[in-house]
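Topology and contacts: notes
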Amino acid sequence: MKKVIYILLFITALGSACKKSGIEKGPDPIVDPPSTNLPAGAKDGVAFINNGTSAIVTLYAPGKKSVSLIGEFNNWSATADAMEKTSDGNTWWVQVNNLDPKKEYAYQFLVDGKLKVADPYCEKVLDPANDPYITATVYPNLKAYPTGKTTGIVSVMQADQATYTWKNTSFKRPEKNNLVIYELLIRDFTSEHTYASTLQKLDYLSALGINAIELMPVTEFEGNLSWGYNPSFYFAPDKYYGTKVALQNFIDECHGKGIAVIMDMVLNHSFGQSPMVQLYFDGAKPTAESPWFNVDPKHPFNVGYDFNHESAATKYFAKNVMKFWMQQYHIDGYRFDLSKGFTQTASVDDGGFRKYDAGRIAIWKDYNNYIKSIDPNNFYVILEHFAEESEEQVLASEGMMLWNNVNYNLNEATMGWLGNSDFSWAFYGRHGFSGSENLVTYGESHDEERLNFKNISYGNASGSYVIKNDLATSLKREELAAAFLFSVPGPKMVWQFGELGYDTSIDFNGRTGDKPIKWEYYADPQRKALYDAYAKFIKLKRNNAIFSTTNSTYNLANAVKYIKLTDAGNTVVVVGNFDVVGQTANIDFGSSGSWIDASGNGSVTLSSNNYIATLAPGEYHIFTKVALK
């Protein structure tokens, strides 16, 4: 995420700070919690025993003088369930009895007789400020907030919760090199903004050909209308999108259609609603006693409150979060937001922030190895890193995948402004990587201006060929760019509705504000033609191994750009004119004879190795020596 996003979110954090208080896959590699004499059966948060009629509840809160468990089971009494402290002084616990296993109980911790906080490990919260805006259609039978009994956010516990029975248990994740990821924000994808309504669009996404969905953050965040990068409760799915079971069903149904689900995970920072922040907070920022947070952020892009990932407590918590979603929700990968921020090396600008950082590398190696110990089966670890190339090379060599943003140069190309239109940064060799599978390249993400908005607003023109304010031409420029981007070896990512030429600015209604949902685009023949072109290019990429070849040459610096891919049995040459006037192509194809145009424009026969042709502005071809599947 860019700095401007974090500034906007930081304002939110200041305004809200402290207002509101599966299937197992082998042994748990996490070390025991930092306590010495918890009762048998205890775990972080709530552990039900005695067939759900009792619960052992714990809170990790070193240095506190007293903690009581308050809730509906004791009429919110501050004295009925005073918690005991373990002998190391770090963890507080109490056992509550006479519970109804089928009932939801609201509860909080009362710390040092004055601070009420929810359970950091709870899987559901009630929020008096935001829950009234969640309809019964989105979240049926949502428990009422205990008004008049307490204040601030409360946790919810229930022994006999609704459980989900997984159907698609043999799903095989796509190989990294063949990934085509569709990034989406539930809030702005359908008007109902739910997992269930998004599920109704799976046929649309499946026909497009994508094989992975990357959900922008869905863990409980502050407010309802958010991108989700202001998290507070890491084990609770945000109720504004639906229930826990609805999310599990969404993931299961995706697997049934061969689509992996990648979760955007935000562990660089947390916000003031977080009980972990509130437990050690001086009214303005975390105190030095916090086991998890730095007093002041270590890097210039931070928002909220900065996790210290060299702290044992933070490592323990972060690993528990990672394990939880992998096992309880069958997530296939994480895209870690602002992974470059996992550092204790202080910096004041991006020049210092991005420098090679051995400590940061060690942190990411540790987390990556932990994830592999939980699930070694091609689980995707994707970093939004943007650090020095030498550092990213080390992370890639460990199997991690790195976000790769070519938005600026690609958009210059689509607008017909050629001076900065070289988007060859899309190729893994430019990064010094040993293979293409570690580079997730995209022209659009949630964080960039929309390509087609800039085409229509600022596009070039010459004579009758006009990009600016011309929808038809702007969409064809998008098609031209997509033909090239999907031909570059390595995983690719599409931002929602990019395949339809979405042209509302990222800054409409504020950068992180909700955006118009334009499903009517699909009925527009010109936009549908772009969707069909995307589907064609994705199919070519996924069905033909040559688009993962290690043998490629290219020239993307000039008006006429080309990519040449070669493997043992075939050669593919993508050629296109990004100028706004006709240009002559002169490219060595490597052999004469007949070449098929996989873009659907017939074939050409070369009398020599060179392809020489005058290309109209925006014209492109995907030539192949052997017919593609």
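The sections below set out a description of the structure shown in this document. (Residues numbered from 1 in each chain as written. Predicted model: local features only at pLDDT ≥ 70, side-chain atom pairs only at ≥ 80, totals over all residues. Heavy atoms only, no water.)

Remarks on the overall build of the chain
As a reminder, the rule being used: Only DSSP runs of H or I reaching four residues or more are called helices, and only runs of E reaching two or more are called strands; each is numbered from the N terminus. The atom set for the radius of gyration is the C-alpha atoms, and the globule formula is 2.2 Å times the number of residues raised to the power 0.38. Accessibility here uses a 1.4 Å probe with only protein chains present; expressed as a share of the type maximum, an area under 20% marks a residue as buried, one over 50% as exposed, and anything in between as partly exposed. In this description, accessible areas are obtained by the Shrake-Rupley approach with a 1.4 Å probe, and a residue is regarded as covered only by the protein chains that are shown. For the charge count, each Lys or Arg is scored as positive and each Asp or Glu as negative, with His and the chain ends excluded. Where a charge lies is defined by one atom per residue type: Lys uses NZ, Arg uses CZ, Asp uses CG and Glu uses CD.
For the chain, the count of helices and strands is 14 helices and 31 strands. For 629 residues, the compact-globule estimate of 2.2 N^0.38 gives 25 Å, and the C-alpha radius of gyration of the chain, at 26 Å, lies within 12% of that figure. Seen through its C-alpha atoms, the chain measures out along the principal axes to roughly 90 × 50 × 45 Å. The burial tally for the chain puts 60% of its 629 residues in the buried class. For the chain, the exposed surface amounts to about 22700 Å²; the carbon and sulfur share of it is 50%. Separation of charge centres in the chain, based on 57 positive and 68 negative side chains, amounts to 1 Å.

Things to note about the sheet that holds strand β28 (residues 593–597)
Worth spelling out the cut-off: Between any two strands, pairing holds if DSSP finds at least two bridges. Think of each axis as a best-fit line through the C-alpha atoms, taken over the contacting stretch in the case of a helix, with angles from 0 to 180 degrees between the N-to-C directions. The contact criterion used is simple: two residues touch if any of their non-hydrogen atoms lie within 4.5 Å.
An order of β24-β25-β26-β31-β28-β29 is seen for the six strands of this open sheet, with the pairing classed as antiparallel. Because the sheet does not close on itself, it has two edges, and the strands there are β24 (552–555) and β29 (603–606). Sheet twist, expressed as the mean angle between neighbouring strand axes with direction ignored, is 20°. On the sheet, helix α13 (residues 471–485) packs against β25 (560–567), β26 (570–577) and β31 (620–624) and is oriented at approximately 150° with respect to β26.

Looking at the packing of aromatic side chains
A ring pair, where both rings are aromatic, is described by two values, the distance of the centres and the angle of the planes. Short version of the rule: Two rings belonging to Phe, Tyr or Trp (six-membered ring only in the last case) form a pair when the distance between their centres is within 6.5 Å. Interplanar angles under 30 degrees mark stacking, angles over 60 mark edge-to-face geometry, and anything in between is tilted.
Counted according to the given criterion, the structure contains 50 aromatic pairs. Ring geometry for W364 against Y367: centres 5.8 Å apart, planes inclined by 75°, an arrangement best described as edge-to-face. Taken together, the residues span about one helical turn, with W364 and Y367 both in helix α9 (residues 358–374) at a distance of three residues. An identical accessibility class is assigned to W364 and Y367; each is buried. Through a chain of ring-to-ring contacts, three or more aromatic side chains come together here, namely Y121, Y234, F235, F293, F307, F317, F324, W325 and Y329.

Focus: the pattern of salt bridges
Put simply, the rule is: The term salt bridge refers to a side-chain nitrogen of Lys or Arg lying within 4 Å of a carboxyl oxygen of Asp or Glu.
As enumerated under the stated definition, the model contains 26 salt bridges in all. Taking the shortest distance from any N to any O, the salt bridge between D188 and R187 comes out at 2.9 Å. What makes D188 buried here is its relative accessible area of 5%. Notably, a salt bridge pairs D447 with R511, separated by 3.8 Å at the nearest N-O pair. One end of the pair, D447, is in the loop between β20 (439–442) and α12 (451–458); the other, R511, is in the loop between β23 (492–495) and α14 (525–543), and 64 residues separate them in sequence. A single burial state applies to D447 and to R511, both of which are buried. A network of salt bridges, in which partner residues are shared, links D264, R335, D337 and E384.

Considerations on the nonpolar core
Stated precisely, the cut-off is as follows: Grouping buried Ala, Val, Leu, Ile, Met, Phe, Trp, Tyr and Cys residues that are joined through side-chain atoms within 4.5 Å yields what is termed a nonpolar core.
F109, Y182, I213, W325, Y334 and F336 are the most contacted members of the largest nonpolar core, which totals 146 residues. Counting residues per element, this core draws most heavily on helix α7 (residues 312–329), which supplies ten residues. When neighbours within four sequence positions are excluded, F109 is seen to be in contact with V57, T58, L59, V67, S68, L69, M83, L115, K116, V117, A118 and D119.

Some words on α7
Here is the rule: To estimate how far a helix should reach, multiply one less than its number of residues by 1.5 Å. We call two N or O atoms a polar contact when they sit within 3.5 Å, provided that within protein one can donate a hydrogen and the other can accept it, with sequence-adjacent residues counted only if both atoms are side-chain atoms.
For α7, spanning 18 residues, the distance from its first C-alpha to its last is 26 Å, which sits close to the expected 26 Å at 1.5 Å a residue. Across the 18 residues that make up α7, a large majority, 15, are buried. Backbone nitrogen of A313 and a side-chain oxygen of the N-cap are separated by 3.2 Å at the start of α7; the cap is S311. With its phi angle positive at about 55°, H330 sits one or two positions after the end of α7.

A short note on the pairing of strand β18 (residues 380–383)
Which entries qualify depends on this criterion: The definition of a right-handed crossover adopted here requires that, viewed with the strands pointing away, the path from the first strand over the helix to the second runs clockwise.
Residue alternation in β18 divides its side chains into two sets, Y380 and I382 and V381 and L383, and both sets are buried. By the bridge criterion, four bridges tie strand β17 (residues 333–336) to β18 in an arrangement that is parallel. Bridging from a neighbouring strand, G333 pairs with Y380 of β18. In this sheet, strand β19 (residues 401–405) lies alongside β18 in parallel orientation, the contact comprising two bridges. In the sheet register, I382 faces β19, and the bridge partner there is M401. Considered for its hand, the β-α-β crossover made up of β18, helix α10 (residues 389–397) and β19 is right-handed.

Concerning the packing of α7 against α9
Selection criterion: Each crossing is labelled by how the near helix is turned from the far one, with a counterclockwise turn of less than a right angle marking it left-handed and a clockwise turn marking it right-handed. Basically, the charged four are Asp, Glu, Lys and Arg, the nonpolar ten are Ala, Val, Leu, Ile, Met, Phe, Trp, Tyr, Cys and Pro, and anything else, Gly included, counts as polar.
Relative to each other, α7 and α9 sit at 35°, their axes nearing to 10 Å. As α7 runs across α9, the sense of the crossing is right-handed. Each of T314, K315, A318, K319, M322, K323, M326 and Q327 in α7 lies in contact with α9, whose residues at this interface are I363, D366, Y367, Y370, I371 and I374. Looking at the contact of α7 with α9 residue by residue, the class counts come to eight nonpolar, two polar and four charged.

Comments concerning the side chain of K239
Considering the arrangement of structural elements, one finds K239 in the loop between β13 (231–237) and α5 (244–256). We classify K239 as buried; its relative accessible area is 3%.

Considerations on α13
For α13, spanning 15 residues, the distance from its first C-alpha to its last is 21 Å, which sits close to the expected 21 Å at 1.5 Å a residue. Buried residues of α13: T473, S474, L475, R477, E478, E479, L480, A481, A482, A483, F484 and L485, and no others. If you check the start of α13, you find a side-chain oxygen 3.2 Å away from the backbone N of A472, and it comes from D470.

What about the sheet that holds strand β11 (residues 212–215)?
Pairing is parallel around the closed barrel formed by eight strands, whose spatial order is β10-β11-β14-β17-β18-β19-β20-β23. Between one strand and the next, the sheet's axes are offset by a mean angle of 30°, whatever the strand orientation. Of the strand pairs in this sheet, strand β10 (residues 180–184) and β23 are connected by four bridges, and their pairing is parallel. Each residue of the ladder has a partner; that of Y182, found in β23, is V494.

Quick notes on unusual backbone geometry
For F386, which is not glycine, the phi torsion reads 55° and is therefore positive. Relative to the elements of secondary structure, F386 occurs in the loop between β18 and α10. The exposure class of F386 is partly exposed, given its relative accessible area of 32%.

With respect to the environment of Y611
Along the polypeptide, Y611 turns up in strand β30 (residues 610–615). Taking the C-alpha atoms as reference points, Y611 and L215, separated by 396 residues in sequence, lie 43 Å from one another. With near-sequence residues (within four places) excluded, Y611 lies in contact with V575, A585, N586, I587, F589, L606, H621 and F623.

Observations concerning the environment of A535
Counting through the fold element by element, A535 comes out in helix α14. Taking C-alpha positions, A535 is 40 Å from A362, a pair spaced 173 residues apart along the chain. When near neighbours in sequence (up to four residues on either side) are disregarded, A535 contacts A207 and L208.

Notes on the pairing of β26
A large share of β26 lies buried, amounting to eight of its eight residues. By the alternation rule, side chains of β26 split into N570, V572, V574 and G576 and T571, V573, V575 and N577, which are all buried. Hairpin geometry of β25 and β26 is characterised by an intervening segment of two residues between the two adjacent antiparallel strands. Pairing of β26 with β31 involves five bridges; the strand directions are antiparallel. Bridging across to β31, V574 finds its partner in I622.

Everything listed is a geometric property; what it means functionally is a separate question.
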